[in-house]
Amino acid sequence: MDYLDCSKLHFTSEKDVLLSCYYNDEKYESVKIYRCFPLSCPDKYLSIKYSFSDGEKELGIIKDINDLSKDDKEYVLHDLTMRYFMPEIKKIKKHTYRQKYYTFVCETNCGDKTIRVKDIIYNLFTTKNGDLLIKDCDESYYIIKDYQNKKDKNIKMLRSFL
């Protein structure tokens, strides 16, 4: 694992919106940024990968996003926001169960959404700060913040699966 020297790392965004970066004056195109620890350390240990003839190759790891310049940090945060978009469930209006699938009709911060979850006990995760994550059949994640203090009876029902 190679840690990157942030003073030698600079990001740019081309017209086609793909992220590129320069490291040691060498250009890397179609850069993607991944969080190594998305829940416990979202701003530390960021993996920088770029397109390579056989797929993706890792350029290295940024130890801390705060080591970047202000402009580079904005590029990185924008990319991470797009990659780790996670709607917040405010209320579960109703739920049904049929043939191993739970279907939830939810009110989220992005509008109403119907979520299907298979094998629910394997697709609910708690975080150390008291939030609940739900992974649906499309492998999209949803968050219920401070789920233990919600009064919604359908959210309370999820506790029985943990």
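Scroll up for the structure.
So, here is what we can say about the structure in this document. Everything numeric in this text was worked out from a predicted model, so none of it was measured.

1. Focus on the pairing of strand β2 (residues 19-23)
Point 1. For β2, the buried fraction is high: 4 of the 5 residues fall into the buried class.
Point 2. The pairing of strand β1 (residues 9-13) with β2 spans 5 bridges and is classified as antiparallel. Bridge pairing in β2 places serine 13 opposite leucine 19.
Point 3. Taken together, the 3 bridges between β2 and strand β3 (residues 26-28) define a ladder with antiparallel strand orientation. Residue pairing in the sheet places tyrosine 22 in a bridge with lysine 27 of β3.
Point 4. Counting the residues in the hairpin turn of β2 and β3 gives 2 residues, including asparagine 24, whose phi is positive at 50 degrees.

2. Considering the pattern of salt bridges
Point 1. Under the defined criterion, the tally for this structure stands at 6 salt bridges.
Point 2. Where lysine 27 meets glutamate 29, a salt bridge forms, and the shortest distance between an N and an O atom there is 3.6 Å.
Point 3. Between lysine 93 and aspartate 112 there is a salt bridge whose closest N-O contact spans 2.8 Å. Of this pair, lysine 93 sits in strand β7 (residues 89-98) while aspartate 112 is found in strand β9 (residues 111-118), placing the two residues 19 residues apart along the sequence.

3. A short note on the side chain of arginine 35
Point 1. Among the structural elements, arginine 35 can be located in strand β4 (residues 32-35).
Point 2. Among buried Asp, Glu, Lys and Arg side chains, arginine 35 stands out as unpaired, with aspartate 43 the closest opposite charge at 4.3 Å.
Point 3. With residues near it in sequence (within four places) discarded, arginine 35 still touches Pro42, Asp43, Tyr45, Leu46, Leu80 and Tyr84.

4. Some details on the sheet that holds strand β10 (residues 124-126)
Point 1. Reading across the sheet, the 3 strands line up as β10-β11-β12 and stay open at both edges, with antiparallel pairing between neighbours. Among the strands making up the open sheet, the edge pair consists of β10 and β12 (141-144). Going from strand to strand, the sheet's axes swing by 25 degrees on average, the running direction of each strand aside.

5. As for the packing of aromatic side chains
Point 1. Scanning the model with the defined rule gives 8 aromatic pairs in all.
Point 2. For the pair tyrosine 102 and phenylalanine 161, a centre-to-centre distance of 5.3 Å together with 70 degrees between the ring planes defines the contact as edge-to-face. Here tyrosine 102 is found in strand β8 (residues 101-108), whereas its partner phenylalanine 161 is found in the segment after α2 (153-158), with 59 residues between them in sequence.
Point 3. According to the relative accessible area criterion, tyrosine 102 is buried, its value standing at 15%.
Point 4. Consider the rings of phenylalanine 125 and tyrosine 141, whose centres lie 6.4 Å apart with planes at 40 degrees: the pair is tilted. In this pair, phenylalanine 125 sits in strand β10 while tyrosine 141 sits in strand β12, placing the two residues 16 residues apart along the sequence.
Point 5. Ring pairing ties together the aromatic residues Tyr97, Tyr102, Phe104 and Phe161, which thus form one cluster.
Point 6. We note lysine 63 situated over the ring of tyrosine 3; from NZ or CZ to the ring centre the distance is 4.5 Å.

Thresholds, definitions, all that
Along each chain, residues carry numbers from 1 onward, in the same order as the chain's sequence is written. In keeping with the model being predicted, local features are shown solely for residues with a pLDDT of at least 70 and side-chain atom pairs are shown and tallied solely at 80 or more, while totals for entire chains, interfaces and linings include all residues. As a rule here, side-chain values cover all heavy atoms of the structure and leave hydrogens and water aside. Only protein chains enter the accessibility calculation, which uses a 1.4 Å probe; a residue is then buried when its area is under 20% of its type maximum, exposed when over 50%, and partly exposed in between. Put simply, DSSP marks the helices as runs of H or I at least four residues long and the strands as runs of E at least two long, and each gets a number from the N terminus on. A strand pair is defined by DSSP finding two or more bridges across the two strands. Every case where a carboxyl oxygen of Asp or Glu lies within 4 Å of a side-chain nitrogen of Lys or Arg is listed as a salt bridge. The sign given to each residue is positive for Lys and Arg and negative for Asp and Glu; His and the chain ends receive no count. Contacts were defined at the residue level, with two residues in contact if any of their heavy atoms lie within 4.5 Å. To get an axis, a line is fitted to the C-alpha atoms, and for a helix only the part in contact is used. The angle between two axes follows their N-to-C directions and goes from 0 to 180 degrees. Note on aromatic pairs: the rings of Phe, Tyr and Trp (six-membered ring only in Trp) are paired at centre separations within 6.5 Å, and the planes decide the class, stacked below 30 degrees, edge-to-face beyond 60, tilted for the rest. Two thresholds decide whether a charge sits over a ring: the Lys NZ or Arg CZ must be within 6 Å of the ring centre and within 35 degrees of the ring normal.

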